[in-house]
Amino acid sequence: MSCRLPSTVIPRAYRLNYTTISLTAPFKFDGVIQIDVEVADAGINAAEGNPNSLTLHCLDLAVTKAKCAGQDATSLTMSIDAETVTITFPKKIPSGSHTLTVHFTGTLNDQMRGLYRSSYTNLKGEEKVMACTQFEATDARRAFPCWDEPSFKATFQLICTIPLIDGSNMVAISNTPVLETQEFIKDGERFKTYTFGETPKMSTYLAALVVGEFDVVSMYSEKTKIQTSVYTMPGKGKQGKFCLETASKALDFLEETYGIKYPLPKSDLLAIPDFASGAMENWGCVTYREAKILTDVGTSLTMKKGIARTVCHELAHQWFGNLTTMEWWNALFLNEGFARFMEFISVNHLFPEWNIWNEFVQSVYTLALGLDAMKTSHPIECTVNHPDEINSIFDAISYAKGASLLRMVSNYLGDDVFIGGIQAYLTKFSYDNAKSGDLWSALGEFSGKDVPGMMVPWTSQTGFPVIHISDDGSTSTERFLASGEKGEGSWPCPIVFQDGEKIILDDCNKSAVENKIKTLLTDSFFKINAGQYGFFRVNYSVKQWEKLADVMVPGKLSTIDRLGLISDCFALGKAGYIPVTVPLNLVKSFGDIAELDEYVIWQELSEQMRGLASLYKDEPFFPKFQKLMAGMFSKQAELLGWEKKEGENENLGSMRAAVFAALGAVDDAGTAQTAQKLFNEYAAGGDAVQADLRQIVYKLALKQDEEGVMRVLMDLYRRTDFPEEQRNLMLTLGQVQNAGLHAEVREWALWSGEVRIQDITYPLSTLGSSNQANSDSAWKYFQNNYDKLLSRFNNMWPAVAAMMSRGGSGGQQKVDEINAFFKVKPVGSAKRRVEQGCEALLLRFGRLERDRKVLEKYFL
Ligand code: BES
Ligand code: ZN
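Keep in mind that what you see is a predicted model, and the values were worked out from it rather than measured.

A. Summary view of helix H19 (residues 694-704). Within H19, burial applies to Arg694, Ile696, Val697, Tyr698, Leu700, Ala701 and Leu702. Residues of H19 that are buried sit in contact with helix H17 (652-665), helix H18 (669-683), helix H20 (706-719) and helix H21 (723-733).

Laid out in structure tokens, this is it:
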């Protein structure tokens, strides 16, 4: 069902007044909204075609009364399917400008959407409730009746009255600064009314309101002179320092990069204890889950990088997304892909020592290639109407592929030219909406190149190509599929050579590319797609791959190029374009390498080899595979050691985690012993394990004494209120193998109330992909408890359904079972995630069958 509204009635200004927001059960709120509307033809707007009606979005609210153009409404009809209210008047509303007034009431829900409640423990140890909004993509309609689509931009003015419970420091915060406040007493209770300034013209999904008790730390940016404030739960103000400084500096950087002044008078960051996603870019009032904003002495570098990226991401949206917004959700990648790309530009500027672009290639780019190689992927721009469809495209395709394509086009045009085009685009579409074609045209006009011609094939088609290069230098291209099957599609591929020359490989330039490659054939080796800017895989001949194995040692190629070769070669081998032994031969030489410079290489190697290890763990040749893998990492492990050395490069913590995770995965005895020792010391009250190594130490300790260690971990969980540590513990607890303990952890995670709904994906991600028997029992449990799970984890449903159905290696039989189940019970918003899980299951199963013989021979 399409829930779109016609544009025959257009909202211009909202004045929203929450006359009550109650923070005690039953958590009611009351509101009155006045909407200045411009009516072209009211009759066409009405859902049932009644010319005397107006229809707008509204969900989970009770509308009690409405008035427009001097008429009182005679009926108010809610449609749950369309998520609308249809208001009928005695006579048709005439064309022209009017004010529509609607009275409504609702309940602060616990599902982290719309206007909802979150809970926290205050300094006195008391359980407290706060209120918060999360509207993207389509949940503003749960907080007030509105035209809840991104292209209906309007101004907002908010007034709200909040209770001042027992002398608390309750405050209300919104997009704009407070204009005035007024305190009063009613029936013996104290209240405070906040009036906020009017916002610029903006989409409904960016409005925000937060009500609670906070610590706050603030500072002014050097250049913009804008005040940035970080709001945390009471007592945690100090933990907001790092993101405060990052945000404040990022604001200066972004204002300069975009060439447009930050559009609001203040910039707030708020840590919310219950939060569905990572963070949300509400204009001037960005909300975060605590893990994505707070740092402590025990914060790992990985987490710190994540926080810096998140802060920059949300600030990047303040222009790209908030000032200029996609016209409809089908172009979500404009928002999210761009913000993801801008994260890296900004973090690289603020923290050049992190070499964050290497991480882009190792995580974002390869993630996108992985998902987009599946048949269940989707084009970056695809038709979405229903809220479930809209929510399902907040995925790696919009984010990671979107960012990768922008990096590709930015490199092709030159980074400065790209930014110039972006400035022109934002200036032209300020306070307005745009389509992806508008962005490509702006970049095309600014650069004088045919950007639309190059980019449209990438946004309209699913997938990406693999370029095969034969021994004679000839090339052929086809869609890359993880199954190795033949796929459709054609893409203009900008190829960058090691000498810096760029040629677009398409029908016109094929021979130019081949001629260039021919000149390289006599070299000792060659690699194309220098810098891994192109969103495609490159396959060389087996002979060339052998030559490339010789240059995997440090110093011959850039980090990113080494990384790209490893990633391409493994992907090609796993898909069956080349024998799976080719990537093993490519990286065999790592056994002789010990290097401290580039942890991303070892991270990639560790991930790839652990992936193979988990697939082959029950095969007869596995002991030999284990030996090969242990050999690849042991020299590096020796060089690193477990202890941090004084003054060492910060990235070495992540390097250790990658190397010891690999050794742990193949049951290396020394690694297990040290982990156990570190854990025992810690459990006995000794020094905490280094932040970067906690997950691996906990995991290896758990392997050796499941029941005992599990109890210790649960105990640690209860004692810490630090989100990163809670996450480490939840991820580890889900890894218990014993069936009884697996069920116990599952019950604890789902129903004990000790795990917040927002965090349920952590334990489930490991519980669901446990060993065969446990995965099957998780799936059985899911089927038997479908209704209960759906109602508790409503807003997390896609992840919950996908994680509990994805495990095991049952192949087609399991997939048939999953499909049969979801024929009876609706899969809802989890549709795409479940389909992708099924495809991944079949791919693993297929690979094992296909490669078993080859590997048996290889390891003979
Ligand atoms: N606009 C999104 C938040 C969002 C995500 C809203 C999904 C509705 C559905 C925000 O800008 C975002 O991308 N958040 C990221 C955080 C990331 C930068 C670490 C997220 O939630 O994953
Ligand atoms: Zn975003």
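There's more to say after this.
B. Up close: unusual backbone geometry. Cis geometry marks the peptide bond from Ala25 to Pro26; its omega dihedral reads 5°. As for its placement among the helices and strands, Pro26 is situated in the loop between strand E1 (9-21) and strand E2 (28-39). Between Glu136 and the following residue, Ala137, the backbone shows a cis peptide bond with an omega angle of 0°. Even without glycine at this site, Ala69 takes up a positive phi of about 50°. Note that Ala69 resides in the loop between strand E4 (62-68) and strand E5 (71-72). The phi dihedral of Tyr431 falls on the positive side, at around 55°, and the residue is not glycine. Note that Tyr431 resides in the loop between helix H8 (415-428) and strand E22 (432-434).

C. Molecular detail of the coordination of the zinc ion (ligand 2). The protein atoms that coordinate the zinc ion (ligand 2) are His313 (NE2), His317 (NE2) and Glu336 (OE), at distances of 1.9 to 2.1 Å. In the primary sequence, the donor residues of the zinc ion (ligand 2) line up as H-x3-H-x18-E. In this pair, His313 sits in helix H3 (residues 301-317) while Glu336 sits in helix H4 (residues 332-350), placing the two residues 23 residues apart along the sequence. His313 sits in the buried class, given a relative accessible area of 4%. With a relative accessible area of 2%, Glu336 lands in the buried category.

D. A look at the environment of Gln608. Relative to the elements of secondary structure, Gln608 occurs in helix H15 (residues 599-616). Separated by 42 residues in the primary sequence, Gln608 and Ile566 have C-alpha atoms spaced 8.8 Å apart. Not counting residues up to four positions away in its chain, the partners in contact with Gln608 are Ser567, Phe570 and Lys574.

E. Fine view of the packing of helix H7 (residues 396-413) against helix H10 (residues 451-460). Remark: H7 packs on H10, axes separated minimally by 12 Å, with the N-to-C direction vectors making an angle of 155°. In terms of their interaxial angle, H7 and H10 are classed as roughly antiparallel. Handedness of the H7/H10 crossing: right-handed. Along the contact surface, H7 presents Lys401, Leu405, Met408, Val409, Tyr412 and Leu413, while H10 presents Val451, Met454, Met455 and Trp458.

F. Here's a closer look at the state of the cysteines. Tallied over the entire structure, the rule returns zero disulfides. With no disulfide of its own, Cys243 lies closest to Cys312 among cysteine sulfurs, the gap being 11 Å.

G. Focus on the UniProt feature "domain: Peptidase M1 membrane alanine aminopeptidase" (unreviewed entry) in the chain. Under the UniProt annotation, "domain: Peptidase M1 membrane alanine aminopeptidase" (unreviewed entry) lies at residues 243-458. Along residues 243-458, the helical share is 59% and the strand share 9%, with 35 Å between the first and last C-alpha atoms.

Thresholds, definitions, all that
Residues numbered from 1 in each chain as written. Chains lettered and ligands numbered in written order. Predicted model: local features only at pLDDT ≥ 70, side-chain atom pairs only at ≥ 80, totals over all residues. Heavy atoms only, no water. Buried < 20%, exposed > 50% of the residue type's maximum accessible area, 1.4 Å probe, protein only. Helix = DSSP H or I, 4+ residues; strand = E, 2+ residues; numbered from the N terminus. Contact = heavy atoms within 4.5 Å. Donors = N, O, S within 2.8 Å, 3.2 Å for Na, K, Ca; no water. Axes fitted to C-alpha atoms, helices over the stretch in contact; angles between N-to-C directions. Parallel < 35°, antiparallel > 145°, perpendicular 65-115°, else oblique. Left-handed = near helix turned anticlockwise from the far one by under 90°. Disulfide = S-S within 2.5 Å. UniProt positions renumbered as here; feature names shortened; annotations may be inferred.

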